[in-house]
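Analysis of the macromolecular model
Single-letter residue listing:
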Number of protein chains: 2
Amino acid sequence: MPLIRPLALAVLLAAAATAVAQTPPKRFAQPATVRELLATSQPSDWRPLDPEHTLYLDLAAGRVIIELEPLFAPRHVANIEKLARAHWYDGLAFVRLQDNFVAQFADPLNSKPDVGEKRLPAEFTRSAQGLAFTRLRDPDTFAPEVGFVDGFAVARSGAEGDAWPVHCYGVVGVGRDNDPATAIGTELYVVIGHSPRQLDRNVAVVGRVVMGIELLSSLPRGTGELGFYEQPEQRVPIQSVRVAAELPAAERRPLEVMRTDAAIFQKLVELRRNRKDAWYKVPAGRVDVCNVPVPVRDRVEKPEHERADKRKP
Amino acid sequence: MPLIRPLALAVLLAAAATAVAQTPPKRFAQPATVRELLATSQPSDWRPLDPEHTLYLDLAAGRVIIELEPLFAPRHVANIEKLARAHWYDGLAFVRLQDNFVAQFADPLNSKPDVGEKRLPAEFTRSAQGLAFTRLRDPDTFAPEVGFVDGFAVARSGAEGDAWPVHCYGVVGVGRDNDPATAIGTELYVVIGHSPRQLDRNVAVVGRVVMGIELLSSLPRGTGELGFYEQPEQRVPIQSVRVAAELPAAERRPLEVMRTDAAIFQKLVELRRNRKDAWYKVPAGRVDVCNVPVPVRDRVEKPEHERADKRKP
């Protein structure tokens with residue numbers, strides 16, 4: 001019987017929004033795996049999370065870290081940050097876990113005071129102009145063009161047309177009623193399954209989980225319609241939601257995200273398009289915009305010799 | 001604050017491989033939702049699971065039902081059925097839960113006797129000829145053509161070319177080492193995340209979960225490399241795996257799967273391509289082959305008046 005063996009070493013980083021292991025800064029002539037490629041990265045290939053646009057969502061099981069992105073739904077993001085700074089989300093609960101779709105939290109008892117906006121205009125798409133769009137050459141089932149903006153998977157109708165975030169694994173969106181104006185950020189959902197692209201352009205996307213999504217994706221599924229929990233005691237309480245900037249700097253997790261407009265990201269995409277390790281017999285040749293996890297890591301302190309160099313006159 | 005509300009009624013059946021609710025056979029002039037469409041279905045739109053090609057995988061938490069499909073990897077399926085009939089899988093365990101990727105079981109102690117094949121030829125693709133292929137008109141990122149064969153998402157290079165199963169949510173494949181011949185069915189994985197299309201044509205796909213996948217997708221994620229559990233006690237024991245035909249007929253679950261070559265399935269695809277309920281503001285216009293869950297239901301007994309009719313001369 002064969003040994004228990006990974007399906008493929010190259011899929012080490014397959015999970016979206018997973019922190020990558022720290023590896024020594026060795027150089028490889030031709031990186032064959034994402035891990036080898038990351039070992040060649042430079043500090044300029046990474047950007048820190050902005051603590052003003054980062055949420056820490058704490059469950060009993062641990063912390064989920066969400067990067068908010070004001071580029072697409074600025075008023076929604078601002079309202080969510082206002083709610084978080086008012087500690088409005090504390091004590092809410094995940095009320096819905098629909099398999100292969102979403103985890104969604106809300107105020108199940110309708111117990112919270114009115115804070116922030118009552119209605120907001122739909123921010124489902126925006127102009128593509130002014131966005132630093134790193135385009136994928138791969139065809140997409142749904143959109144004329146797909147690529148990345150600032151770490152987010154994005155579709156657009158063309159450089160002069162509309163742009164909108166793509167519902168990939170880990171995306172955070174704003175639940176709403178049939179009336180788009182009811183989407184104000186008091187109920188958020190996280191994609192925990194195959195990308196539900198039918199939601200694109202129908203929802204305000206405000207962010208994505210960059211760490212801890214497994215705390216949501218492994219929650220028990222709801223057995224009610226649409227995956228709602230049928231019993232109140234099944235709900236998963238939210239201890240608190242904080243804007244990272246509220247915490248003292250020493251208590252923030254110093255995460256860095258790979259810059260999707262850096263040259264190294266193109267190499268990473270190519271390694272996912274055509275896997276090079278010995279396990280794969282037929283390379284895919286193409287890549288899906290939702291199957292290119294953007295690497296996240298803890299901030300790497302400069303190696304000692306580099307710091308020493310800097311001290312030289 | 002808005003009421004807690006489903007994101008969309010039309011996504012009721014969004015979860016892949018989920019049994020659909022039984023609804024009375026009412027007629028709708030123009031079904032606007034999958035539920036309404038299913039209510040118009042005829043008995044001929046469904047086929048029963050073949051108990052000779054159905055596995056019951058029992059965990060402490062419940063039963064996972066897998067439909068095996070010999071069309072693509074017949075020797076692998078035959079060997080898996082042989083192993084199951086020898087009760088070889090009993091007492092094995094899920095050893096790997098990689099978020100947004102796979103749940104994989106194996107014989108962690110290498111404790112089992114040799115049963116069945118030691119090596120098998122790769123059955124990763126086959127000829128497209130002879131397959132009843134229901135083609136989707138929607139473009140696909142990876143393959144020239146995608147569609148359905150016998151309830152399975154399938155890609156092909158053309159009607160005279162190759163065909164292979166697509167790695168959608170719930171697909172069951174055969175783990176292997178770098179050598180394709182090591183894939184014999186002693187380690188199986190189930191896709192529990194965004195479709196890992198890079199695996200297409202690199203693995204023998206043998207089936208798909210038609211019920212109970214939430215028992216796997218909600219398992220705790222492994223914290224070792226590639227999602228392996230680091231401690232033996234974290235593994236999730238398999239109580240037993242049985243070919244359904246081994247059980248007395250009365251103990252089998254009488255599941256039926258929608259025929260993907262029936263006209264009603266085309267209507268279902270169209271309802272997922274362009275959602276009609278009031279929640280959606282912009283229909284997608286396209287559908288992804290991995291976002292068309294094939295309905296599964298418990299067998300519906302004929303209504304009394306139909307049975308009475310049959311008894312008339």
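Residues numbered from 1 in each chain as written. Chains lettered and ligands numbered in written order. Predicted model: local features only at pLDDT ≥ 70, side-chain atom pairs only at ≥ 80, totals over all residues.

Let us now look at the overall build of chain A. Tallying secondary structure elements over chain A gives 5 helices and 17 strands in all. Residue burial in chain A is summarised as follows: out of 313 residues, 50% are buried. (Helix = DSSP H or I, 4+ residues; strand = E, 2+ residues; numbered from the N terminus. Buried ≥ 20, exposed ≤ 12 C-beta atoms within 10 Å, placed from the backbone.)

Attention shifts here to the relation of the copies chain B and chain A. Once turned by 180° and shifted 0.0 Å along the axis, chain B lies on chain A with an RMSD of 0.0 Å. On the angle and the small slide along the axis, the relation comes out as a two-fold axis. When you check the interface residues of chain B against chain A, 100% turn up at the interface there too, and the contact is symmetric in its surfaces. (Least-squares fit on C-alpha atoms with pLDDT ≥ 70 in both. Contact = placed C-beta atoms within 7 Å.)

Residues and elements named next belong to chain B. Turning to helix α4 (residues 263-273), its buried residues are I264, F265, L268, L271 and R272. Taken down its axis, α4 places every buried residue within 115° of arc, on the same side. Along α4, the residues that are exposed and aim more than 90 degrees away from the buried face are A263 and E270. On its buried face, α4 is in contact with α1 (34-39), β7 (134-135) and β16 (255-258). (Arc of directions from axis to C-beta.)

Attention now moves to the sheet that holds β16 of chain B. Residues and elements named next belong to chain B. The strand order β1-β16-β17 describes an open sheet built from 3 strands, whose pairing is antiparallel. The two strands at the open ends of the sheet, each matched to only one other strand, are β1 (46-48) and β17 (296-298). Taken over all neighbouring pairs, the strand axes of this sheet differ in orientation by 35° on average, direction set aside. As paired elements, β16 and β17 share 3 bridges and run antiparallel to each other. The residue bridging L255 from the neighbouring strand is D298, located in β17. (Pairing = 2+ DSSP bridges. Axes fitted to C-alpha atoms, helices over the stretch in contact; angles between N-to-C directions.)

To continue, consider the environment of Y56 of chain A. Residues and elements named next belong to chain A. By secondary structure assignment, the location of Y56 is in strand β2 (residues 54-59). Along the backbone, Y56 and L68 are 12 residues apart, and their C-alpha atoms lie at a distance of 11 Å. In this structure Y56 touches R63, I65, R242 and A244, once residues within four positions along its chain are discounted.

Counting residues in hydrophobic clusters, the biggest one holds 173 residues, and the most contacted among them are V154 and V190 of chain A together with V154 and V190 of chain B. Each residue touching V190 of chain A, except ones within four places of it in the same chain, is listed here: V102, A103, G170, V172, V209, I213 and L216 of chain A. (Core = buried A, V, L, I, M, F, W, Y, C linked by C-beta atoms within 7 Å.)

Here we take up the environment of L55 of chain A. All names here are of chain A. Structurally, the position occupied by L55 is in strand β2. For L55, a count of 23 C-beta atoms within 10 Å puts it in the buried group. Taking the C-alpha atoms as reference points, L55 and G212, separated by 157 residues in sequence, lie 12 Å from one another. Contacts of L55, omitting those with residues within four sequence positions, involve I66, L68, A84, V241 and V243.

So, about the interface of chain B and chain A. Taken together, the contact pairs 66 residues of chain B with 66 residues of chain A. Secondary structure elements with two or more residues in the side of chain B that touches chain A: β4 (93-98), β5 (102-106) and α3 (214-217) of chain B. Classifying every residue of the side of chain B that touches chain A gives 31 nonpolar, 17 polar and 18 charged. (Nonpolar A, V, L, I, M, F, W, Y, C, P; charged D, E, K, R; others polar.)

What follows covers the pairing of strand β12 (residues 188-191) of chain B. Within a regular strand, side chains alternate between the sheet's two faces. All names here are of chain B. A two-sided burial pattern is seen for β12, the buried positions comprising L188 and V190 on one face and Y189 and V191 on the other. Looking at chain direction, β5 and β12 are connected through 4 bridges and run antiparallel. Looking at β12, one finds that A103 is bridged to V190. Pairing between strand β11 (residues 171-174) and β12: 3 bridges, direction antiparallel. The residue of β12 that forms the bridge with V172 is V190.

So, on to the sheet that holds strand β17 (residues 296-298) of chain A. All names here are of chain A. The strand order across the open sheet built from 3 strands is β1-β16-β17, with neighbouring strands paired in antiparallel fashion. Two strands in the sheet have a free side with no partner beyond their single neighbour: β1 (46-48) and β17. Neighbour-to-neighbour, the strand axes of this sheet turn through a mean angle of 35°, independent of strand direction.

This brings us to the pairing of strand β10 (residues 162-165) of chain B. Residues and elements named next belong to chain B. Relative to β10, strand β6 (residues 126-127) is paired through 2 bridges, and the arrangement is antiparallel. Residue S127 lies in a different strand from β10, and its bridge partner there is D162. Relative to β10, strand β9 (residues 152-156) runs antiparallel, the two being bridged by 3 bridges. Within β10, the residue paired with R156 across the bridge is A163. Two successive antiparallel strands, β9 and β10, enclose a turn made up of 5 residues.

One non-glycine residue, D150 of chain A, adopts positive backbone phi at about 55°. With respect to the helices and strands, the residue D150 of chain A is situated in the loop between β8 (145-149) and β9 (152-156). Positive phi is not limited to glycine here, since N100 of chain B has a value of about 60°. By the element assignment, N100 of chain B lies in the loop between β4 and β5.

Next up on the list: the domain arrangement of chain A. All names here are of chain A. Entries for chain A in the domain assignment read domain 1 (9-47 + 256-308) and domain 2 (51-247). Centre-to-centre, using C-alpha coordinates, domain 1 lies 26 Å away from domain 2. Contact with domain 1, which involves 14 residues of that partner, is made by 20 residues of domain 2. Grouping the constituent residues of the side of domain 1 that touches domain 2 by class yields 11 nonpolar, 1 polar and 2 charged. (Domains from an automatic or database assignment.)

On to the confidence of the model for chain A. Residue and element names in this part refer to chain A. With 87% of its residues at a pLDDT of 70 or more, chain A shows a mean pLDDT of 90. Here residues 1-28 is a poorly scored stretch, pLDDT under 50, and it has 85 contacts once near neighbours within four places are set aside; other chains count. Ignoring residues within four places in sequence, the model shows residues 308-313, a span with pLDDT below 50, making 0 contacts including any to other chains. The complex prediction reports pTM at 0.90, with the ipTM value standing at 0.90. (pLDDT = per-residue confidence, 0-100.)

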